[in-house]
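Breakdown of the fold
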Amino acid sequence: MIDRSQFRSLRDVASLINSSGDLDTIFRHLVYAACHHAHWSMGGVMSVDQRSGFVHVIARHDPNLLENALEDRWTLTTSPALIALTRNAPVIIPDAQSSEEFPGYRQEARERGYRTVLVIPMDCKDQQGRAMVLSLQSMQVVDVTENELAFLETIVHLGAIAIDKAKRLQAEQAFAERLQSTLSAHSSLMQRVLSDGSVTSATSVIGKLLLNPIVVVDLTANLVVAERPPRADLCDDAAWQAAMHGNVGRQFTEAARNIVSTRPGEISDLTVTLGNKPVRLSAMIEPLIVDGNMVGALFVFPRMEDFSDLDHLLLDSAKFALSVQMMRSHIRFSSESQGLSDLFAEIFESRWRNADDITARARRLGIDLTEPARLIAVEAAADKDGSGLASLELHRSIARIAKQQDPGASVAALDHVIVCRVPGDDSKSEERCRALMRKIIEEARWILDETPAVVMSKPFRGVETHAAAWEECIRLIRLARRLNRHGALTSKDFGPFPVLLSAADAQEIRAFIASTIGPILAHDQKHGTAYIETLTQFLNHGCRNQACADAMGLHVTTLRYRLARLHELFGVEMDTPERRFTLELAIRLHASLADEPND
């Protein structure tokens with residue numbers, strides 16, 4: 001039985017072990033109490049790391065103060081610690097210096113001079129979640145009695161209670177600190193939003209607060225922001241940020257558009273193509289919604305196994321901050337866009353009365369109407385779902401890339417046409433305009449899933465000339481639609497006859513063609529003849545028989561016969577320049593209309 005002195009010792013042990021809330025101090029006090037009150041020479045607390053296959057000494061009591069460095073790590077195969085944990089019972093080595101079962105202990109026992117070793121499992125774990133044992137050594141060979149074991153196991157149990165208590169206190173303290181940090185983070189985010197910060201700066205703060213890689217998609221500005229990749233093996237931070245401006249960013253935008261309802265904290269699989277290689281990622285995809293409208297999405301790539309309640313609280317704060325910022329951006333863009341649209345409409349329709357007043361008004365919006373410029377226009381086709389979101393997104397995209405291409409560019413939307421005014425009239429400015437047109441086409445293909453016609457006007461200068469440049473763009477857009485043309489276009493890409501088509505009434509032109517060469521076309525179609533081809537070639541070769549016959553591979557007599565039949569059947573006369581011009585004009589107009597899509 002345990003005598004009174006041992007009971008008094010347990011009281012002292014309990015007081016010593018509970019005298020500190022620091023785990024390292026508790027470990028040291030536990031070893032000291034076991035050695036001092038149970039009369040063991042030295043000892044230590046060891047953690048068992050089964051993954052690495054080692055036992056680590058985390059606390060030691062050795063009054064001998066040996067100068068030689070002591071071993072702090074043992075392989076499990078040479079330590080009785082694993083046996084003690086597996087059996088959940090103490091392991092006794094009567095004389096470690098002569099033990100054949102534990103050769104590692106035998107070598108150290110001879111070096112340090114201890115004999116009997118006792119290893120007791122502890123019913124608790126260290127800070128890293130590893131099981132622990134208490135190891136005691138005696139300089140003499142001792143007989144470990146049942147009473148001795150019961151006494152030491154009680155000390156170990158008292159230590160386990162103190163350790164668990166300290167860990168709970170540490171966890172509570174860490175929780176309180178994290179709560180305070182979360183509240184401070186929420187306050188910081190709100191201050192940033194109220195101070196009119198950008199989505200980019202807010203993303204940087206959120207990424208640091210969440211301790212997770214994130215990607216933010218701002219649908220109000222067609223912007224994708226990220227700082228570091230979800231995995232270190234993908235690429236470096238700079239390459240990941242650059243990828244957000246290209247195809248990878250578009251893939252995240254597409255994922256944000258197609259987001260489905262997810263539960264808070266739900267992990268979804270996402271596959272993106274990075275460098276022509278598909279990469280599978282796991283992320284929490286959180287929609288950013290304001291007044292029932294989705295304005296963006298937040299992608300969080302968890303690195304921790306558990307996403308705590310505080311993390312979710314911080315995530316909610318981040319979502320709210322980003323949503324408010326995006327809605328503010330949307331309102332600002334709408335306001336600025338409306339101001340530009342009103343200004344351009346007044347200028348293009350020549351509704352202004354005083355040139356100085358309209359010039360000053362434009363200057364307040366950052367536009368110098370007196371400098372030379374060009375117009376680039378693209379028709380924003382109606383959305384298939386009728387929502388108008390695709391056209392709005394294209395408008396935002398063009399505004400963004402136009403500013404990147406030329407800070408002096410201005411973009412507005414007028415009657416389903418997005419128009420961009422780009423300063424400059426020299427060759428370099430034309431090159432910039434063509435580069436901008438290519439980027440607009442690339443962006444439109446992705447957003448609208450089709451290639452629109454993007455037209456550019458001739459250079460102009462002065463407020464009075466804007467209306468003519470706008471009319472030129474509208475005529476080219478109408479012409480491109482009629483002739484089913486797409487891509488980057490200028491007036492140079494159309495001959496004089498298509499331009500005539502755009503300016504004249506289509507019904508009148510068709511009536512003119514029908515009255516001039518209509519019977520010839522109908523006869524060729526019905527009988528499979530080639531009279532219209534013969535007439536076209538004859539006119540193209542200046543009404544010279546031999547040249548036309550050679551070009552068509554005919555004998556000149558055959559050509560003369562066909563020309564005679566044209567006169568007999570259809571009354572074709574080519575004896576005056578006016579008649580030849582009329583026929584040639586009808587043929588050219590017919591060729592242009594042949595490419596026109598059917599209504």
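See above for the structure.
So, how was this worked out
- Residues numbered from 1 in each chain as written.
- Predicted model: local features only at pLDDT ≥ 70, side-chain atom pairs only at ≥ 80, totals over all residues.
- Heavy atoms only, no water.
- Helix = DSSP H or I, 4+ residues; strand = E, 2+ residues; numbered from the N terminus.
- Buried < 20%, exposed > 50% of the residue type's maximum accessible area, 1.4 Å probe, protein only.
- Contact = heavy atoms within 4.5 Å.
- Areas by Shrake-Rupley, 256 points an atom, 1.4 Å probe, with all protein chains shown as cover.
- Phe/Tyr/Trp six-rings, centres within 6.5 Å; stacked < 30°, edge-to-face > 60°.
- Pairing = 2+ DSSP bridges.
- 1 Å grid on protein atoms, 1.4 Å probe; cavity = no way out; pocket = protein on both sides within 12 Å on 5 of 7 lines; lining within 4 Å.
- Points joined across faces, edges and corners; volume = space filled by probe spheres on them.
- Nonpolar A, V, L, I, M, F, W, Y, C, P; charged D, E, K, R; others polar.

Counting its regular elements, the protein contains 19 helices and 16 strands. Considering the protein as a whole, with its 599 residues, one finds that 46% of them fall into the buried category. Contacts in the protein between residues far apart in sequence, at least 24 positions, make up 61% of those at least 6 positions apart. When the accessible area of the protein is evaluated, it comes to approximately 30800 Å², of which 50% is carbon and sulfur surface.

This part covers the packing of aromatic side chains. Any aromatic ring pair is given by two values, namely how distant the centres are and how the planes are angled relative to each other. Within this structure, the stated rule accounts for 6 aromatic pairs. Plain terms: the ring middles of Trp 240 and Phe 252 are 6.1 Å apart, the flat faces sit at 85° to each other, and that makes the pair edge-to-face. Here Trp 240 is found in helix 7 (residues 237-243), whereas its partner Phe 252 is found in helix 8 (residues 247-257), with 12 residues between them in sequence. You can call Phe 252 buried: its relative accessible area is 0%. With a centroid separation of 5.4 Å and an interplanar angle of 40°, the aromatic rings of Phe 344 and Phe 348 are classed as tilted.

For the rest of this paragraph, the subject is the pairing of strand 8 (residues 223-226). Judged from the 4 bridges that link them, strand 7 (residues 214-218) and strand 8 form a sheet pairing that is antiparallel. Looking at the pairing, Val 217 lines up with Val 224 of strand 8. What sits between the antiparallel neighbours strand 7 and strand 8 is a turn of 4 residues, in which Asn 222 has the positive phi angle 50°.

With that settled, the discussion passes to empty space enclosed by the protein. Empty space among the atoms becomes visible once a probe the size of a water molecule is rolled across them. Considering all chains together, one arrives at 2 cavities of 30 Å³ or more under this definition. Looking at the largest cavity, its volume works out to about 120 Å³. By residue class, the composition of the lining of the largest cavity is 5 nonpolar, 4 polar and 4 charged. Estimates place the volume of the second largest cavity at around 30 Å³.

For residues other than glycine, phi is negative in most cases, and the peptide bonds are mostly trans. In the Ramachandran plot, Asn 276 falls in the positive-phi region, its phi being about 65° despite a non-glycine side chain. By secondary structure assignment, the location of Asn 276 is in the loop between strand 9 (268-274) and strand 10 (277-290). A relative accessible area of 77% places Asn 276 in the exposed class. At Asp 449, a position not held by glycine, the phi torsion is positive, near 60°. Its location among the elements puts Asp 449 in the loop between helix 12 (427-448) and strand 15 (453-456).

Read these as geometric descriptors, not functional statements.
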